[in-house]
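Each chain is listed here by its residues.
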Amino acid sequence: MKIIDIISKSIKPELYEKGTSFMWTDEHISKQLLNIHLNPDIDLGSRKKSTIEKTANWILDTQKEKGKLNILDLGCGPGLYTEIFAKAGHSVTGIDISKNSIEYANKSAKDKKLDITYLNTSYLEVDLESDNYDLVVLIFTDLGVLTPTERKSLLEMIFHVLKRGGTFIFDVLKDREIEKKTSPKTWELSNNGFWKESPYLALSESFLYPEEKIILFQHNIVGTEENIETYRFWTHFFSHNDVNKMLDAYNFIDINFKEDILPEGDMWNGDNVIFCKTIKE
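What you see is a predicted model; the values in this text were computed from it and never measured. (Residues numbered from 1 in each chain as written. Predicted model: local features only at pLDDT ≥ 70, side-chain atom pairs only at ≥ 80, totals over all residues. Heavy atoms only, no water.)

1. Overview of the overall build of the protein
Right, so step 1: Scanning the protein from N- to C-terminus turns up seven helices and eleven strands.
Right, so step 2: For the protein, whose C-alpha radius of gyration is 19 Å, the value lies close to the compact-globule estimate of 19 Å for 281 residues.
Right, so step 3: If one aligns the C-alpha atoms of the protein with their principal axes, the spans along those axes are about 60 × 45 × 35 Å.
Right, so step 4: Considering the protein as a whole, with its 281 residues, one finds that 50% of them fall into the buried category.
Right, so step 5: Taking contacts inside the protein between residues at least 6 apart in sequence as the whole, the part at least 24 apart equals 65%.
Right, so step 6: A total accessible area of about 14,000 Å² is found for the protein, and carbon and sulfur atoms account for 50% of it. (Helix = DSSP H or I, 4+ residues; strand = E, 2+ residues; numbered from the N terminus. Rg over C-alpha atoms; globule rule 2.2 N^0.38 Å. Buried < 20%, exposed > 50% of the residue type's maximum accessible area, 1.4 Å probe, protein only. Contact = heavy atoms within 4.5 Å. Areas by Shrake-Rupley, 256 points an atom, 1.4 Å probe, with all protein chains shown as cover.)

Have a look at this one:
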């Protein structure tokens, strides 16, 4: 491998230029992600257990006058929220693209005798019955990692599957001091780590696109096969006005914001995260 190949991979890419690899379905990485999801003390793959419980209980409190709900959890991971919803007596469906997460979630639900339906697929591609759900949730700022085209497709699907008067709850990152949320260039050598079970060099950096309010977090992984795998995560930041405009385009109404769900901690917690509740007209 020539050094020029690595240099060319480190140049700031065009907006929404795709990487060469996809993290969520990689057999090795998805196992690492599942372990991170299940760690109750960190805010990475999922939030801390206490925060998840607080968030799930707040979501249910917003719906407490509706009785038993039919809930759809998009990007459900290993079922940390779905199980809370099911234990509260609701009918729950969870969707996640990670096979490892869904297998864990299915086993956990079976062991706990919880009636939860899990689908191992992309929520950008799933075909669901229209007007079927009372509540759709998309938690851990998933909406902000989608491109505008993907976001459009997802919002149309959510509007399609919600019952009239149904609720959509999600969270996004606030557009405050975005430039402080970039990360410096780093490199890591590992014999067996997060990215591969074989030796690799990880070159990580971020790029700010200020006009679009986007940070690209990029990881170039150089393996022993002398190829470079590029993982790109386009992270969007929003104001209340941005969210209002986005939802208005799909006929969502009664848009409400809440910013005191998460505990203070760092630039990715506290009131740096906006929770939104809206209704299908």
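2. Points about a nonpolar patch on the surface
Right, so step 1: The grouping of Ile3, Ile4 and Ile7 at the surface amounts to a nonpolar patch, some 310 Å² of accessible area in total.
Right, so step 2: With respect to the element layout, Ile3 can be found in helix α1 (residues 3-9). (Patch = residues over 30% accessible without salt bridge, like charges linked within 9 Å, V, L, I, M, F, W, Y side chains within 5 Å. Salt bridge = Lys/Arg side-chain N within 4 Å of Asp/Glu carboxyl O.)

3. Looking at the environment of Thr51
Right, so step 1: Relative to the helices and strands, Thr51 resides in helix α3 (residues 49-61).
Right, so step 2: Accessibility expressed as a relative area gives 5% for Thr51, which makes it buried.
Right, so step 3: Taking the C-alpha atoms as reference, Thr51 lies 31 Å from Glu188; in sequence the two are 137 residues apart.
Right, so step 4: Setting aside residues no more than four positions away along its own chain, Thr51 makes contact with Leu262 and Pro263.

4. Description of helix α5 (residues 99-111)
Right, so step 1: The end-to-end C-alpha distance of α5, which contains 13 residues, comes to 18 Å, matching closely the 18 Å that a straight helix rising 1.5 Å per residue would cover.
Right, so step 2: Where α5 is concerned, the buried positions are Asn100, Ser101, Ile102, Ala105, Ser108 and Ala109.
Right, so step 3: Tucked into the core, α5 has its buried residues touching α2 (27-37), α4 (82-87), β2 (91-96) and β3 (116-120).
Right, so step 4: Following α5 by one or two positions, Lys113 adopts a phi angle in the positive range, close to 55°. (Expected span 1.5 Å × (residues − 1).)

5. A word on the side chain of Thr235
Right, so step 1: As for its position among the elements, Thr235 is in strand β9 (residues 228-238).
Right, so step 2: On the basis of relative accessible area, Thr235 is assigned to the buried category, the value being 10%.
Right, so step 3: Ignoring anything within four residues of it in the chain, the contact list for Thr235 reads Gly144, Leu173, Lys213, Ile214, Ile215 and Phe217.

6. Focus on the pattern of salt bridges
Right, so step 1: With the rule as written, the count across this model stands at 17 salt bridges.
Right, so step 2: When the shortest N-O distance is used, the salt bridge between Lys174 and Glu259 registers 2.7 Å. One end of the pair, Lys174, is in strand β5 (residues 162-174); the other, Glu259, is in the loop between β10 (252-258) and β11 (273-280), with 85 residues separating them in the sequence.
Right, so step 3: Several salt bridges share partner residues, and in doing so they unite Asp175, Lys213 and Asp242 into one network.

7. Details of helix α7 (residues 240-248)
Right, so step 1: Listed as buried for α7 are Val243, Met246 and Leu247. With its buried residues spanning 90° around the axis, α7 presents them on a single face.
Right, so step 2: Tucked into the core, α7 has its buried residues touching α6 (148-161), β5, β9, β10 and β11. (Arc of directions from axis to C-beta.)

8. Thoughts on the layout of surface pockets
Right, so step 1: Here the second largest pocket is characterised by a volume of approximately 350 Å³.
Right, so step 2: As for the second largest pocket, its lining consists of 17 residues, of which Lys49, Glu53, Leu80, Glu83 and Lys112 are closest to the centre.
Right, so step 3: Breaking the lining of the second largest pocket down by element, the ones donating at least two residues are α3, α4 and α5. (1 Å grid on protein atoms, 1.4 Å probe; cavity = no way out; pocket = protein on both sides within 12 Å on 5 of 7 lines; lining within 4 Å. Points joined across faces, edges and corners; volume = space filled by probe spheres on them.)

9. Some remarks on the pairing of β3
Right, so step 1: Taken together, the five bridges between β2 and β3 define a ladder with parallel strand orientation. Directly across from Thr93, in β3, lies its bridge partner Thr117. (Pairing = 2+ DSSP bridges.)

10. Considering the environment of Ile178
Right, so step 1: The residue Ile178 is located in the loop between β5 and β6 (186-190) in this model.
Right, so step 2: Residue Ile178 is classed as buried on the basis of its relative accessible area, which comes to 9%.
Right, so step 3: Sequence separation between Ile178 and Lys213 is 35 residues; the distance between their C-alpha atoms is 7.3 Å.
Right, so step 4: Discounting chain neighbours no more than four positions away, the residues touching Ile178 are Leu208, Lys213, Ile215 and Phe237.

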